[in-house]
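Commentary on secondary and tertiary structure
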Amino acid sequence: MVAIKGTALTENQVNLLARFTPKVTLCLDQDNAGFEATRRSLEVIEKKGLTTGIIVTSDGKDPDEAIKKNPAGFKKAIKESTGVYDYLTEKYCFRNR
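Residues numbered from 1 in each chain as written. Predicted model: local features only at pLDDT ≥ 70, side-chain atom pairs only at ≥ 80, totals over all residues. Heavy atoms only, no water.

Some points on the sheet that holds strand S3 (residues 82-83)
- One open sheet holds the 3 strands; their spatial order is S1-S2-S3, and the pairing between them is mixed. At either margin of the open sheet sits one strand with a lone partner, and together these are strand S1 (23-26) and S3.
- As defined by bridge partners, S1 adjoins strand S2 (residues 51-54) across 4 bridges and the pair is classed as parallel. Its bridge partner lying in S2, Lys23 is registered against Thr51.
- Sitting on the sheet, helix H2 (residues 32-47) touches S1 and S2, and the angle it makes with S1 is about 170°. (Pairing = 2+ DSSP bridges. Helix = DSSP H or I, 4+ residues; strand = E, 2+ residues; numbered from the N terminus. Contact = heavy atoms within 4.5 Å. Axes fitted to C-alpha atoms, helices over the stretch in contact; angles between N-to-C directions.)

Quick look at the structure:
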């Protein structure tokens, strides 16, 4: 597990991750800032050719809160991670509803 500070994933961080894994799974805040950070991170990750997934939590605004509120639910969310494009499509389609 790797944590980024704030909502900025840098190219250097992605280059380092790429040395160890072909897939990155993001778990960012579940608000608009987290959504935008996912979009920005995807650009950097795809430049390196890595596969990207997303963990969606329902027990808190951010991953830390979700883990504290419901550790078992967070583990389940990890197992049920989805493709980032499925996530983005759903968010774009239902964002203003």
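What to know about the environment of Lys61
- Here Lys61 is to be found in the loop between S2 and helix H3 (63-69).
- Note: C-alpha distance between Lys61 and Leu28 (33 residues apart in sequence) is 9.0 Å.
- Among residues more than four places away in sequence, those in contact with Lys61 are Asp29, Gln30 and Asp31.

Description of the pairing of S2
- In this fold, S1 hands off to H2, which returns the chain to S2; that crossover is right-handed.
- Looking at chain direction, S2 and S3 are connected through 2 bridges and run antiparallel. Counterpart to Ile54 in the pairing with S3 is Thr82. (Right-handed = clockwise from strand over helix to strand, strands pointing away.)

A closer look at the pattern of salt bridges
- This structure, assessed with the given rule, holds 6 salt bridges.
- Where Asp64 meets Lys68, a salt bridge forms, and the shortest distance between an N and an O atom there is 3.2 Å. Here Asp64 pairs with Lys68, and both are found in helix H3, just 4 residues apart, close to one helical turn.
- Of the residues examined, Lys68 reaches a relative accessible area of 63% and is grouped as exposed.
- Note that Glu80 and Lys76 form a salt bridge whose closest N and O atoms lie 3.9 Å from each other.
- Here Glu80 falls in the exposed class, since its relative accessible area comes to 53%. (Salt bridge = Lys/Arg side-chain N within 4 Å of Asp/Glu carboxyl O. Buried < 20%, exposed > 50% of the residue type's maximum accessible area, 1.4 Å probe, protein only.)

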